[in-house]
Amino acid sequence: MLFRSALVHTGAAPALARLIRDGYVDVLLAGNAVAVHDIERQLFGTSLGMNCQGNAISGGHRNHLYAISEIMASGSIKNAIAEGKLKGGIMYEATQKGIAYILAGSIRDDGPLPEVITDTVKAKDAMDQALRGVDMTIMLGTMLHSIAVGNLLPSYVKTICVDINPSTVTKLMDRGSAQAIGLVTDIGIFLPRLAEEIERLESGAEEKERPC
């Protein structure tokens, strides 16, 4: 699964954290901003200075850098969890579950966090390695990451691109990812609904298995 920081802004991060915790995600591919915004939400209740309702709060713009500083002080996300500093969220669940996550850096990154791979060639090699054996990918609201990963995927890998911009799927297909299926919607709506549907299907399966 690959996604961008908008997932945190839209309030869908708890749904993704639940999917990770329940074992439905094997690999996470993202950038520095995803991890920083997720950690900021956990430590300070904001994402880029906005609260969970999307309202800017006084002095909230500082929290982004405070979140980076807290992880830097611990030395890594894993250490911050071990110290009890970070107690929830996407990065917490991924670390606790032991799933692979690749954070690919860019020249725009704040920090970046210790786990971010700032050499783009090394980041590409790490993503390529992490994707081996994957038979399905979900791309959430990130055109650049989607195209990058699409270039690494074999054509037989099921590829679902969820984006509010319909041209993202077209660009994916133009770059060779002809197997990509597009769903034009807000990822803030899609992920919670996906988590709810999986939970409903699981509950139905348990009811059928229950002895009379």
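Each remark here, short or long, concerns the structure printed above.
Residues numbered from 1 in each chain as written. Predicted model: local features only at pLDDT ≥ 70, side-chain atom pairs only at ≥ 80, totals over all residues. Heavy atoms only, no water.

**Here's the deal with helix α8 (residues 143-150)**
Among all positions of α8, only H145, S146, I147, V149 and G150 are buried. Residues of α8 that are buried make contact with β1 (2-3), β2 (27-31), β3 (100-104), α7 (120-130), β4 (136-140) and α9 (167-174). For α8, the N-terminal cap is T142; the gap from its side-chain oxygen to the backbone nitrogen of H145 is 3.4 Å. (Buried < 20%, exposed > 50% of the residue type's maximum accessible area, 1.4 Å probe, protein only. Helix = DSSP H or I, 4+ residues; strand = E, 2+ residues; numbered from the N terminus. Contact = heavy atoms within 4.5 Å. Polar contact = N/O pair within 3.5 Å; in protein donor to acceptor, adjacent residues only side chain to side chain.)

**Some remarks on the environment of K85**
Structurally, K85 is set in the loop between α5 (77-82) and α6 (90-97). Relative accessible area serves as the criterion here: at 26%, K85 is assigned to the partly exposed category. The sequence separation of K85 and E70 amounts to 15 residues, and the corresponding C-alpha distance is 8.5 Å. Filtering out sequence-adjacent residues up to four positions away, K85 remains in contact with L43, E70, A73, S74 and A80.

**Observations concerning the packing of helix α2 (residues 13-21) against α6**
Closest axis-to-axis distance for the α2/α6 pair is 8 Å, and the angle between their directions is 5°. Taken together, α2 and α6 sit at an angle that is classed as roughly parallel. Contacts from A13, L16, A17, I20 and R21 of α2 reach α6 at I90, E93, A94 and K97. Looking at the contact of α2 with α6 residue by residue, the classes come out as six nonpolar, no polar and three charged. (Axes fitted to C-alpha atoms, helices over the stretch in contact; angles between N-to-C directions. Parallel < 35°, antiparallel > 145°, perpendicular 65-115°, else oblique. Nonpolar A, V, L, I, M, F, W, Y, C, P; charged D, E, K, R; others polar.)

**Re the layout of surface pockets**
Considering only enclosed or pocket space, the largest pocket measures out at about 700 Å³ in volume. What lines the largest pocket is a set of 26 residues, among which G31, S106, R108, D109 and H145 lie closest to the centre. Looking at the lining of the largest pocket, the elements that each hand over two or more residues are β2, α3 (32-44), α7 and α8. A class-by-class count of the residues in the lining of the largest pocket yields eleven nonpolar, eleven polar and four charged. Taken as a whole, the second largest pocket spans an internal volume of roughly 390 Å³. Lining the second largest pocket are 16 residues, with Y24, V25, D26, M136 and I138 positioned closest to its centre. (1 Å grid on protein atoms, 1.4 Å probe; cavity = no way out; pocket = protein on both sides within 12 Å on 5 of 7 lines; lining within 4 Å. Points joined across faces, edges and corners; volume = space filled by probe spheres on them.)

Any functional reading would require information beyond the geometric quantities listed.
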